[in-house]
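Here is how the chains run, residue by residue.
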Amino acid sequence: MRVFVEVPHDVYTTDVLVIGGGLAGCWAAIAATRQGSRALVVDKGFVGGSGCSVFAGGVVLYLTPEDDPTDFVREHCRESELLLDPAWVEWLVQANYERIAELDGWGAPFDRHDDAAEGQAGSLHRRLIYVGSRETVWRLGLDSVELMKLMRKQVLRTKQAKLLDHTTIVKLLVQDGRIVGAVGIRRQDERLCLIQAKAIVLAAGGCAWKGTHFGHDMLCGEAYKLAWDVGAALMNMEYANGYIATNTRFDSHGQCILAAIGGKYLNGEGEPFLGKYSDKVPPAIHVIARGMASEIREGRGPIQLDLSAVPVKDREMWLHAFKHIAELARRSGQDLFADRTQWHPGFNGSVSGSAGVYFTDTTMAASVPGLFVAGDAATRGYVVGASSGITFLNLAWANGSGYAAGVGAGEFAQNSGQEAHSDAKWKSELAEALRPMERTGGLLPDVVYGQLQTQAMPPEVNIFREGERMQRALAHVRTLQEEVVPNLFAPDFHELVKCYEVEATALTTDLMYEAALLRTESRGWHFREDYPQRDDTGWLKWIVAEPDEKGEPDFRYVSVPRKRLEELGILESAAAV
Ligand SMILES: Cc1cc2nc3c(=O)[nH]c(=O)nc-3n(C[C@H](O)[C@H](O)[C@H](O)COP(=O)(O)OP(=O)(O)OC[C@H]3O[C@@H](n4cnc5c(N)ncnc54)[C@H](O)[C@@H]3O)c2cc1C
């Protein structure tokens, strides 16, 4: 037990606090400063160096104003199983284009033609690559490590923005119904910090249950918990369960794409099996993952990937576009194109899914005044729907939503008229943040985190969903939330941060299963063995969860706008149904 005579803390004052320094958070900070606001970007790890953005496979959707987006939007809506709003997808195409144009001007590490004038970067080289039967999707290759280094520099170049690395935000502060700041923990310094802010952009990523993929160690659903605790609503929580195909010996995140260039997944009997699960070539990502899990479950594992039929030009293109992944394959001692290699479904949580904080317009305002959301922290229900869609929309979303949230928060801060308060007012909040360190004993957070992983990650509960199994998982999580989490013990500041990670992931797991139990159909990632059919009559609606005064969820439904889906010819009109 640590006894604190005085809570050790520092005080920071800013206009816009950005929580999370991934691609979305960096854009938010840049945009906020352009509205005349000061911005402070706080990251649990390192701005530009933790979370997903820096590890992204390296391909971003890229359509320009010269392209007619209609075919893309139509196809994407189909792939996303219609649980989205085409108008938002159209907005995103344009918003992402603007950000890429700006990045291009900064010389960002995109694939480029060899047509540069001296001292300048070549023009962007976008490709219709790896799309199999999908010929409407333009993508741009990028080096995500270099991109995030550039983003960090660009944030600092604004002069009005500051960075605070290695600081975990654990609580948002609200006064008179609006955001006034946050409490953070600086574990290396063994200090807390009190940040006073007129507006906050939550860009703290999704929830990956600290899975094994790159960047996932940081992503525990803290954005959802921070928002929930101040009364903000969440949406699509049943879609926090993305899985992807990954090599068993290295992280080959995003490589479902290999099926699109001629890769064949084979079961233990050497048979290609995806045709059993879908007549599309390649099938959607969630179908690939479910197909693999089904074969393994029925005793026909392990799964192997045979890339021997991939044409040479596609191999070369892949090796270029995914050079970091190619290097990992090499280091794992596998020759992907010569050997059959073993693959399995890898859990990705809401990084692939679309769960997140609810908002309704392009200011990205959440339902608490002064709170804005961006990137994976925000629901991607409007743009990704029930599946990953055509994919590579996630970085585009971080670009578009990040910038929009920064504009929204920057303007809000400028008009807020709010003054900073004395830190004395928040003493009790600061002391409260240290409570797990003041206990004399109790379970350590890692033990409990492991139990949450067991309830969420195995395909048996979260690829193959079923009412009773989900009820059991939910009951287990509730017991942890009620009896164990409030008594977690933190012997030091490192364990203290982990206590908050447990709390956040417990809430995410709870809301994921509660929403999944409500959705009595199957659609995209949400596959229920007890309701195997998609139900467009009853379930073309999003589930929104709102906290009541005790923090318990009230669920309501928001209908997907059918009209545009009907105009696009991908949904029968209600009259005809
Ligand atoms: C391995 C991998 C490959 C991918 N490849 C692609 C791809 O090729 N194309 C594509 O479109 N998408 C891809 N994605 C998805 C894409 O990378 C993400 O959707 C996107 O980067 C999310 O950006 P973000 O800024 O919202 O979140 P992140 O980049 O995850 O950033 C969130 C940040 O918040 C910080 N944070 C979390 N909690 C707190 C807290 N409490 N306090 C302070 N800071 C906190 C984290 O440390 C992190 O730095 C990939 C994802 C992964 C994991």
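Draft legend 1. Summary view of the overall build of the chain. When you go through the chain residue by residue, the secondary structure sums to 16 helices and 20 strands. Its C-alpha atoms give the chain a radius of gyration of 23 Å, near enough to 25 Å, the size a compact globule of 577 residues would have. Dimensions of the chain, computed from C-alpha atoms along their principal axes, come out at roughly 70 × 65 × 60 Å. Here the chain, with 577 residues, has 53% of them falling under the buried criterion. In the chain, the share of contacts with a sequence separation of at least 24, taken over all contacts with a separation of at least 6, comes to 75%.

Draft legend 2. Looking closely at helix H15 (residues 493-518). In this model H15 runs 38 Å from its N-terminal to its C-terminal C-alpha over 26 residues, within 8% of the 38 Å that 1.5 Å per residue would give. Along H15, 22 of the 26 residues are buried, which leaves the element largely enclosed by surrounding structure.

Draft legend 3. The arrangement of the site of the ligand in detail. Near the ligand lie 42 residues; those nearest to it are Gly20, Gly22, Gly51, Gly57 and Gly375. Of all elements in the fold, only helix H1 (23-34), strand S4 (59-61), strand S8 (168-175) and helix H9 (394-414) reach the threshold of two or more residues within the shell around the ligand. Across the shell around the ligand, the residue classes break down as 20 nonpolar, 18 polar and four charged.

Draft legend 4. Structural context of H9. With 21 residues, H9 should reach 30 Å at 1.5 Å per residue; the first-to-last C-alpha distance of 30 Å fits that figure. With 18 of 21 residues buried, H9 lies mostly within the body of the structure.

Draft legend 5. Region of interest: the packing of helix H5 (residues 222-229) against H15. It is the contact of H5 with H15, at a shortest axis distance of 8 Å, that shows an interaxial angle of 80 degrees. In terms of axis orientation, H5 runs roughly perpendicular to H15. From H5, Glu222, Tyr224, Lys225 and Trp228 reach across to H15, where they touch Tyr500, Glu501, Glu503, Ala504, Leu507 and Thr508.

Draft legend 6. Representation of the nonpolar core in the model. Formed by 187 residues in total, the largest nonpolar core has its most connected members in Ile200, Leu202 and Val357. With 14 residues, H15 is the single largest residue contributor to this core. Filtering out sequence-adjacent residues up to four positions away, Leu202 remains in contact with Ile19, Ala223, Leu226, Ala227, Val357, Leu371, Val373 and Ala377.

Draft legend 7. The arrangement of the packing of H1 against helix H4 (residues 144-157) in detail. It is at 9 Å that the axes of H1 and H4 come closest, and there the two elements cross at 20 degrees. As judged from the angle between their axes, H1 and H4 are roughly parallel. Like other packed secondary-structure pairs, H1 and H4 cross with a definite hand, here left-handed. Mapping the contact onto sequence places Leu23, Cys26, Ala29 and Ile30 in H1 and Met151, Arg152, Gln154 and Val155 in H4. Partitioning the contact of H1 with H4 into residue classes produces six nonpolar, one polar and one charged.

Draft legend 8. Looking closely at unusual backbone geometry. Along the chain, Gly301 connects to Pro302 via a cis peptide bond; the corresponding omega equals -10 degrees. Summarising the element assignment, Pro302 is placed in the loop between helix H6 (285-297) and strand S15 (303-306). Although it is not a glycine, Trp209 sits at a positive phi angle of roughly 50 degrees. Among the structural elements, Trp209 can be located in the loop between strand S11 (199-202) and H5. Residue classification places Trp209 among the buried residues on the basis of 26 C-beta atoms within 10 Å.

Draft legend 9. Region of the structure containing the sheet that holds strand S20 (residues 553-559). Taken together, four strands build an open sheet; the order of strands is S17-S12-S19-S20 and the sheet is antiparallel. The two strands at the open ends of the sheet, each matched to only one other strand, are strand S17 (356-357) and S20. As defined by bridge partners, strand S12 (residues 234-235) adjoins S17 across two bridges and the pair is classed as antiparallel. Looking at S17, one finds that Leu234 is bridged to Val357. Contacts from H15 reach S12, strand S19 (541-547) and S20 within the one sheet, and its direction differs from that of S19 by about 140 degrees.

Draft legend 10. Focus on the pairing of S19. Alignment of S12 against S19, held across two bridges, turns out to be antiparallel. Residue pairing across strands places Leu234 opposite Ala545, the latter belonging to S19. Relative to S20, S19 runs antiparallel, the two sharing seven bridges. Bridge pairing links Val544 to Arg556 in S20. In this structure, the hairpin formed by S19 and S20 is closed by a connection of five residues, where Gly551 is found at a positive phi of approximately 85 degrees.

Basis of the calculations
- Residues numbered from 1 in each chain as written.
- Predicted model: local features only at pLDDT ≥ 70, side-chain atom pairs only at ≥ 80, totals over all residues.
- Helix = DSSP H or I, 4+ residues; strand = E, 2+ residues; numbered from the N terminus.
- Rg over C-alpha atoms; globule rule 2.2 N^0.38 Å.
- Buried ≥ 20, exposed ≤ 12 C-beta atoms within 10 Å, placed from the backbone.
- Contact = placed C-beta atoms within 7 Å.
- Expected span 1.5 Å × (residues − 1).
- Near = placed C-beta within 6 Å.
- Nonpolar A, V, L, I, M, F, W, Y, C, P; charged D, E, K, R; others polar.
- Axes fitted to C-alpha atoms, helices over the stretch in contact; angles between N-to-C directions.
- Parallel < 35°, antiparallel > 145°, perpendicular 65-115°, else oblique.
- Core = buried A, V, L, I, M, F, W, Y, C linked by C-beta atoms within 7 Å.
- Left-handed = near helix turned anticlockwise from the far one by under 90°.
- Pairing = 2+ DSSP bridges.

Purely geometric numbers; function is a separate question.
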